[in-house]
Amino acid sequence: MIKLAFVYLVAGLMFAGFSLLSALDRGNSKRFGNAAFWGLTAVSFLAGDKLGDLGNGIVVLGLALLAAQGLLDLGQPATTSAGERIELSERFGNRLFAPALMLPIVVALGVLVLKPAQIAGVPLMDPKQATLVSLALAVIVGLTSALVLLRQPLISPLQEGRRLADTIGWAMLLPQFLAALGVVFALAGVGKEIGLLVTTYLPVDTRFAAVAVYCVGMAGFTMLMGNAFAAFPVLTGGVALPILIHHFGGNPAVIASIGMLSGFCGTLMTPLAANFNLVPPALLEIPDRYAVIKAQVPTALIMLIVNTVLMYVLAFRH
Amino acid sequence: MMILLGVAVIVVGFAIRLNPLLVVVLAALTSGWFAGYSPLKVIAAFGKAFNDNRLVSTAYLVLPLVGVLERAGLKERAAKIIAGLPGVSVGRLLISYMAIRQVTAAAGLVSIAGQAQTIRPLIAPMAEAASEVRDGPQDLKRRYAIRAMAAATDNVAVFFSEDIFVAIGSVLLVVGFLTSSGIALDAIKISVWAIPTAFAAFAVHAARLLLFDRRLKGLAKP
């Protein structure tokens, strides 16, 4: 059975490759900073389960200090020039799309066909992690086809991957840092405390006010926690269940479903949802760290109003 | 109350643009401290949570493939195809992408596309090429605006459609929470009530994309 451990092994080897190639990169004056950063990431993926909690904590501190001291810079892997790329794109034509299409096709195949497949009674892949396992397989298939079809050098996946990883830089690990922060916040009881504040001080005495407090509260709380999943139990337990459902008799399916979607409006507006909001500007080489959030705010605010109205209209039709 | 200082650390730290990795660690230490945990305990708890959440970073496995395709000229090819289409615009291109992304996400296929594997190598260069055809040569400011809008469109499409698929994490979380609160519901009911928002999101964001086309045209005039 292919499990998550396989995905971590592949990821760990990839980051180890980035680290090694960074260390050898004389074009980058901070090459050892990059090597250390990707090296620690590789250690986490390859040996995280053997390091112990404090060991992992020390890896985290190392990563944060390397980033905070500005010890990372862009590597200079050998790649093709802009002119060469235009030439190559003419030569390969639409053949270039074949490896790119492998990704969605293999992921879809994996999730829809391979996930239920069994060999001698044992599932082919861990059903709970089918998407990630499929993604890892899809990358391997895609890379193989790219190297063969487009005749790219064997080292190019690691060099090109490193080029993109350096473009994103420390922001690569921010989503994982924030996920861990969410766990520590939960441990410290941050969510409960905010939920208490919301339910104590906000008006929930009319039906519309209660709907608005729940929807806007979901968005706001999500912005503070970076994650609608953290906000949902607190506000649903504090506002939606006692007031909207039990007191005003609202339909729980409508309220819970649209409540979660109101939280997603908050996700679109917070830098704490780094994988959606802060990694893309780095990936797209936009200098303004908050450019994607700014592009999303109008849609998010309108959708928050739409969700509030939808809940008010749909939840109380009896 | 003091526990909330961790949230304040995040807000202030991000606002004054300290390195976010450091800000996150400081926020954890602050809230942990006021909840009665020693720094060493917090570091260990953070390390364990970091290790448990490695799957968050596995999406970067696509980077080598995306990089190799860029090396071989994928972006240039994608841009050329768009430049050859009559009547193409940034708005229309992104609206078509949003429609496909919403339908596939609603069918549970969230990870067939994304910021690294689709927006950077395909959609953003296509959108920039579309604007070049319609609005003339590009300055950097316009390129950045187009890229940001392309990234935003992917997020909007996924966020407001993935809940239509029954077996997604957020739907299962909702069902689990309601069940433990004494309200037994089939997950399909949660999914069904996500549909109105999905249509509304398409309408709202598509309208914004058409306005974005106009703004790009305006920016193009000297």
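Counting from 1, residues in each chain are numbered in the order their sequence is written. All chains are assigned letters beginning with A, and all ligands numbers beginning with 1, in the order in which they are written. Only residues with pLDDT of at least 70 get local features here, since the model is predicted, and only at 80 or more are side-chain atom pairs given and counted; chain-wide, interface and lining totals rely on the full set of residues.

Let's talk about the overall build of chain B
Operational definition: Secondary structure is summarised from DSSP: a helix means a run of H or I of at least four residues, a strand means a run of E of at least two, and numbering begins at the N terminus for each. Based on C-alpha atoms, the radius of gyration is set beside the globule rule, defined as 2.2 Å times the residue count to the power 0.38. A residue is called partly exposed when the number of other C-beta atoms within 10 Å of its own lies between 12 and 20, exposed at 12 or fewer, and buried at 20 or more, with C-beta atoms placed from the backbone. A pair of residues counts as a contact when their C-beta atoms, built from backbone coordinates, are within 7 Å of each other.
Counting its secondary structure elements, chain B contains 11 helices and zero strands. When the helices and strands of chain B are placed in sequence order, the string is α-α-α-α-α-α-α-α-α-α-α. Here the C-alpha atoms of chain B give a radius of gyration of 22 Å, more than 25% beyond the 17 Å that 2.2 N^0.38 yields for 222 residues. Burial analysis of chain B (222 residues in total) assigns 55% to the buried set. Of the contacts made within chain B by residues no fewer than 6 positions apart, 72% connect residues no fewer than 24 positions apart.

Topic: the overall build of chain A
Looking only at helices and strands, one finds 14 helices and two strands in chain A. By its C-alpha atoms, chain A is 65 × 45 × 45 Å across when sized along the principal axes. Counting across all 318 residues of chain A, residues that qualify as buried make up 55%. Look at the contacts in chain A between residues 6 or more apart in sequence, and 72% of them connect residues 24 or more apart.

Regarding the packing of helix α4 (residues 63-71) of chain B against helix α7 (residues 115-135) of chain B
Any two packed helices are characterised by the angle at which their axes cross and by the distance between the axes. Residue and element names in this part refer to chain B. Rules: Axis definition: a line fitted to C-alpha atoms, limited for helices to the stretch in contact. Angles are taken between N-to-C directions and run from 0 to 180 degrees. Should an angle lie under 35 degrees it is considered roughly parallel, over 145 roughly antiparallel, and from 65 to 115 roughly perpendicular; all remaining angles are considered oblique. Note: crossing handedness is left-handed where the near helix turns anticlockwise from the far helix by less than a right angle, and right-handed where it turns clockwise. Amino acids outside the nonpolar list (Ala, Val, Leu, Ile, Met, Phe, Trp, Tyr, Cys, Pro) and the charged list (Asp, Glu, Lys, Arg) are all regarded as polar, and Gly is one of them.
Contact geometry of α4 with α7 gives a least axis separation of 10 Å together with a crossing angle of 15°. As summarised for this structure, α4 and α7 are arranged roughly parallel, according to the angle between their axes. For the pair α4 and α7, the sense of crossing is right-handed. Between α4, through Leu-63, Val-66, Leu-69 and Glu-70, and α7, the contact on the second element is made entirely by Ala-116, Gln-117, Arg-120 and Pro-121. For the contact of α4 with α7, the class distribution of residues is five nonpolar, one polar and two charged.

Quick look at the interface of chain A and chain B
One frequently used descriptor of interface size is the decrease in accessible area upon assembly of the parts. The interface is formed by 112 residues belonging to chain A together with 93 residues belonging to chain B. A per-element tally of the side of chain A that touches chain B places helix α2 (residues 31-68) of chain A first, with 15 residues. Here the residues of the side of chain A that touches chain B sort into 85 nonpolar, 22 polar and five charged.

Focus on the domain arrangement of chain B
What counts is decided by this rule: Each domain's limits were defined by an automated method or a database of domain assignments.
Taken domain by domain, chain B consists of domain 1 (2-52) and domain 2 (62-160 + 196-216). For domain 1 of chain B and domain 2 of chain B, the distance between their C-alpha centroids amounts to 36 Å.

Some points on the nonpolar core
Rule in force here: Nonpolar core, as used here: buried Ala, Val, Leu, Ile, Met, Phe, Trp, Tyr and Cys residues forming one set through C-beta atoms within 7 Å.
Counting residues in each nonpolar core, the largest one holds 192 residues, and the members touching the most others are Val-184 and Tyr-214 of chain A together with Leu-21, Phe-46, Val-62, Met-126 and Ala-127 of chain B. For Leu-21 of chain B, the residues in contact, after removing those within four places along its chain, are Leu-63, Ala-64, Ala-67, Ala-68, Trp-170, Leu-173, Leu-174 and Phe-177 of chain A.

What about helix α1 (residues 5-15) of chain B?
We apply this condition: Directions are taken from the helix axis to each C-beta atom, and the arc is the one they span.
Buried within α1 of chain B we find Gly-6, Val-9 and Ile-10 of chain B. All buried residues of α1 of chain B project into a common sector of 100° when viewed along the axis, lining one side. Exposed and oriented more than 90 degrees from the buried face of α1 of chain B are Ala-8 and Ala-15 of chain B. Close packing links the buried residues of α1 of chain B with α7 (174-188) and α8 (190-201) of chain A together with α2 (20-34) of chain B. Looking one or two places after α1 of chain B, you find Arg-17 of chain B, whose phi comes out positive at around 60°.

So, the domain arrangement of chain A
Taken as a whole, chain A is organised into domain 1 (1-78 + 155-165), domain 2 (80-154) and domain 3 (189-314). With centres defined by C-alpha atoms, the gap from domain 2 of chain A to domain 3 of chain A works out at 36 Å.

Re unusual backbone geometry
You will see that Arg-151 of chain A, though not glycine, has its phi angle at about 45°, which is positive. Among the secondary structure elements, Arg-151 of chain A is positioned in the loop between α5 (130-149) and α6 (156-168). Phi is positive for Arg-17 of chain B, which is not a glycine, with a value near 60°. By the secondary structure assignment, Arg-17 of chain B is in the loop between α1 and α2.

With respect to the confidence of the model for chain A
Selection rule: Values of pLDDT, which run from 0 to 100, indicate the predictor's confidence residue by residue.
Averaged over all residues, the pLDDT of chain A equals 92, while 100% of them reach at least 70. Of all helices and strands in chain A, the one with the weakest mean pLDDT is α8 of chain A (79), whereas helix α14 (residues 291-314) of chain A scores best (98).

Details of the packing of helix α11 (residues 252-267) of chain A against helix α9 (residues 169-180) of chain B
For the pair α11 of chain A and α9 of chain B, interaxial distance at closest approach is 10 Å and the crossing angle is 135°. By the angle between their axes, α11 of chain A is oblique relative to α9 of chain B. Considering how the two elements wind past one another, α11 of chain A and α9 of chain B form a crossing that is right-handed. Each of Pro-252, Ala-256, Ser-257 and Met-260 of chain A in α11 of chain A lies in contact with α9 of chain B, whose residues at this interface are Ser-170, Val-174 and Leu-178 of chain B. Partitioned by chemical class, the residues of the contact of α11 of chain A with α9 of chain B number five nonpolar, two polar and no charged.

Thoughts on helix α4 (residues 97-114) of chain A
Test applied: What a helix is expected to span follows from its residue count: subtract one and scale by 1.5 Å. Bend at a residue means the angle formed by two fitted axes: the first through the 7 residues ending at that position, the second through the 7 residues beginning there.
Here α4 of chain A spans 24 Å end to end across 18 residues, near enough to the 26 Å set by a 1.5 Å rise per residue. Its axis deflected by about 25° at Leu-103 of chain A, α4 of chain A carries its strongest bend there, up to four residues before the proline Pro-104 of chain A. Buried within α4 of chain A are the following residues: Pro-99, Ala-100, Met-102, Leu-103, Val-106, Val-107, Gly-110 and Val-111 of chain A. Lining the buried residues of α4 of chain A we find α5 of chain A together with α4, α5 (74-83) and α7 of chain B.

A closer look at the environment of Pro-196 of chain B
All names here are of chain B. If you trace the backbone, Pro-196 turns up in helix α11 (residues 195-220). Since 19 C-beta atoms lie within 10 Å of it, Pro-196 is described here as partly exposed. Placed 36 residues apart in sequence, Pro-196 and Phe-160 show a C-alpha to C-alpha distance of 9.6 Å.

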